[in-house]
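One-letter residues, chain by chain:
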2 protein chains.
Amino acid sequence: MNETLDVILREARPNDAGNIIQFLKQVSKETPYLLSKTNDLTIEEEREYIEISNQRLNSLLFIAEVNDRLVGVASVTASQHEQLDHVGEIGISILKDYWGFGLGKELMHEIIRWAEQSTIIRRLELTVQERNQRAIHLYEAVGFKTEATMPRGIKIDSGELLDVRLMSLMIN
Amino acid sequence: MNETLDVILREARPNDAGNIIQFLKQVSKETPYLLSKTNDLTIEEEREYIEISNQRLNSLLFIAEVNDRLVGVASVTASQHEQLDHVGEIGISILKDYWGFGLGKELMHEIIRWAEQSTIIRRLELTVQERNQRAIHLYEAVGFKTEATMPRGIKIDSGELLDVRLMSLMIN
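Described in the following lines is the structure provided in the data block. Just so it is clear, the model here is predicted, and its values are computed rather than measured.

Reading the values: the criteria
- Residues numbered from 1 in each chain as written.
- Chains lettered and ligands numbered in written order.
- Predicted model: local features only at pLDDT ≥ 70, side-chain atom pairs only at ≥ 80, totals over all residues.
- Heavy atoms only, no water.
- Contact = heavy atoms within 4.5 Å.
- Buried area = accessible area lost by both parts, 1.4 Å probe.
- Salt bridge = Lys/Arg side-chain N within 4 Å of Asp/Glu carboxyl O.
- Polar contact = N/O pair within 3.5 Å; in protein donor to acceptor, adjacent residues only side chain to side chain.
- Helix = DSSP H or I, 4+ residues; strand = E, 2+ residues; numbered from the N terminus.
- Buried < 20%, exposed > 50% of the residue type's maximum accessible area, 1.4 Å probe, protein only.
- Axes fitted to C-alpha atoms, helices over the stretch in contact; angles between N-to-C directions.
- Parallel < 35°, antiparallel > 145°, perpendicular 65-115°, else oblique.
- Nonpolar A, V, L, I, M, F, W, Y, C, P; charged D, E, K, R; others polar.
- Core = buried A, V, L, I, M, F, W, Y, C linked by side-chain atoms within 4.5 Å.
- Expected span 1.5 Å × (residues − 1).
- Pairing = 2+ DSSP bridges.

1. Some points on the interface of chain B and chain A
Then step 1. Listed as interface residues are 27 residues of chain B and, on the opposing side, 27 residues of chain A.
Then step 2. Here chain B packs against chain A, burying approximately 2400 Å² in sum over the two surfaces, 52% of which is carbon and sulfur.
Then step 3. Of all residues in chain B, B:Gln83, B:Arg152 and B:Lys155 bury the most surface against chain A, accounting for 29% of the area lost on that side.
Then step 4. For the pair chain B and chain A, the interface holds two salt bridges.
Then step 5. The interface formed by chain B and chain A includes 14 residue pairs in polar contact (both at pLDDT 80 or more).
Then step 6. Only strand E6 (145–155) and strand E7 (161–170) of chain B provide two or more residues apiece to the side of chain B that touches chain A.

2. Quick look at the pattern of salt bridges
Residue and element names in this part refer to chain A.
Then step 1. The tally for this structure, following the rule as stated, stands at 18 salt bridges over all chains.
Then step 2. Here Arg10 ties to Asp16 by a salt bridge, and the two come within 2.9 Å at their closest N and O atoms. Exposure class is identical for Arg10 and Asp16. Each is buried.
Then step 3. Within the structure, one salt-bridge network assembled from shared partners comprises Arg10, Asp16 and Glu65.

3. Some remarks on the packing of helix H1 (residues 17–30) of chain B against helix H2 (residues 43–55) of chain B
Residues and elements named next belong to chain B.
Then step 1. Between H1 and H2, the shortest axis-to-axis distance is 8 Å and the interhelical angle comes to 105°. Judged by the inter-axis angle, H1 sits roughly perpendicular to H2. Of H2, the residues touching H1 (which contributes Ala17, Gly18, Ile20 and Ile21) are Ile43, Glu46, Arg47 and Ile50.
Then step 2. Per-class residue counts for the contact of H1 with H2 are five nonpolar, one polar and two charged.

4. Some remarks on the side chain of B:Ser59
Residue and element names in this part refer to chain B.
Then step 1. As for its position among the elements, Ser59 is in the loop between H2 and strand E2 (60–66).
Then step 2. In this structure Ser59 comes out as buried when scored by relative accessible area, which is 9%.
Then step 3. Within the local environment of Ser59, its side chain forms a polar contact with the backbone oxygen of Ser53, the two atoms lying 3.0 Å apart.
Then step 4. Sequence-distant contacts of Ser59, that is, excluding residues within four places in its chain, are made with Ile52, Ser53, Val76, Thr77 and Trp114.

5. Remarks on the nonpolar core
Then step 1. The biggest cluster of nonpolar side chains holds 42 residues, and the ones touching the most others in it are A:Ile90, A:Leu124, A:Leu126, A:Tyr139 and A:Phe144.
Then step 2. Among the secondary structure elements, those contributing two or more residues to this core are helix H1 (17–30), strand E2 (60–66), strand E3 (69–77), strand E4 (87–94), helix H3 (103–118), strand E5 (123–129), helix H4 (133–141) and strand E7 (161–170) of chain A.
Then step 3. Examining the composition of this core, we find that seven residues originate from one element, H3(A), more than from any other.
Then step 4. Those residues within four positions of A:Phe144 in sequence are excluded, and the remaining contacts are A:Ile90, A:Met108, A:Ile112, A:Leu124, A:Glu125, A:Leu126, A:Tyr139, A:Met167, A:Ser168 and A:Leu169.
Then step 5. Judged by nonpolar contacts, the second largest core, of 41 residues, contains B:Ala12, B:Ala74, B:Ile94 and B:Leu124.

6. Here we look at H3(A)
Then step 1. Its 16 residues give H3(A) an end-to-end C-alpha distance of 22 Å, which sits within 8% of 22 Å, the value for a rise of 1.5 Å per residue.
Then step 2. Trailing H3(A) by a residue or two, A:Thr119 shows a phi angle of about 65°, which is positive.

7. A short note on unusual backbone geometry
Residues and elements named next belong to chain B.
Then step 1. Backbone geometry places Thr119, a non-glycine residue, at a positive phi of 65°.
Then step 2. Of note, Arg152 is a non-glycine position whose phi angle comes to about 60°, a positive value.
Then step 3. Among the structural elements, Arg152 can be located in strand E6.

8. Focus on the sheet that holds E7(B)
All names here are of chain B.
Then step 1. Strands sit in the order E1-E2-E3-E4-E5-E7-E6 across an open sheet of seven strands; the sheet is mixed. What marks the edges here is a single partner per strand, and that holds for strand E1 (7–11) and E6. Put simply, the sheet's adjacent strands are angled 25° from each other on average, direction ignored.
Then step 2. Here strand E3 (residues 69–77) runs beside strand E4 (residues 87–94); their pairing, made up of six bridges, is antiparallel. Following the sheet pairing, Thr77 is matched in E4 by Glu89.
Then step 3. Contacting E1, E2 and E3, H2 crosses the sheet at an angle of about 115° to E2.
Then step 4. Each of E4, strand E5 (123–129), E6 and E7 touches helix H4 (residues 133–141); the most contacted strand, E7, lies at about 10° to it.

Following this line, the structure appears as structure tokens:
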């Protein structure tokens, strides 16, 4: 598309908690590609999650806003165990109305930049439904490589078991 | 080895909690192949974990005893989210003195049998350090297939990043 959006990308702040909860509710209604349903956090719990995420050197919660509206969220989470604290797992979701504007790619670039500066993250990984080819192409475009296709990696509402792809990017 | 052991394999019971904690402490001292350090649960927390594990249809905690001594633990854990409740993740550990007697294979057979009868588990998966070839051969021998080798999947105490293998077995 040629239309461009005036987007602000920034780290989430504790008082974004309410908007993030609303956002996640809408995303889980409109997107068939989620790999896990959103946890039903209270605003207080979400606020605490944001605070912890901001404090840790190996986790990130990043948001995209258009005209003061929260339209995308990207997260990196990592274990606090030292054997795994260098592995960042990516989650990313964007409101359906804002698909196709390149927002996902911008969020991925922000995540990669952040990881490169983190000094702790050495491997970024993500899982994505195999049928979500649009997302897979986006991840490939920013440098992710396929490590595996996992049969029966997810069960959708119909009960059908679908393949899930595991992708990664090494950070140096 | 030709020596045989008199082994009892059974589901863990709540009053195994203390022995399991001792067992996990010893294993984490003597085994360089663990993928995550044991959480330091109290006896009360471990007891609760066993009770929950016994109640759930998609989780299992199984132990091996030799002369009343706890020498091996095998677990299957699965998400309570319905998209992932069919994916059982396997963890298995055996005291070093009891390596080489086929205990690992017996525990894996128990897990697979249990999964086949569970009606809920449709995919078993595990991760294992690539350098732990003995374990990889065991998993292959009971039917597991390699899905991926994940570069930098784990950081060992020296700080070195090692490959981790992802393996799975479909359950029908």
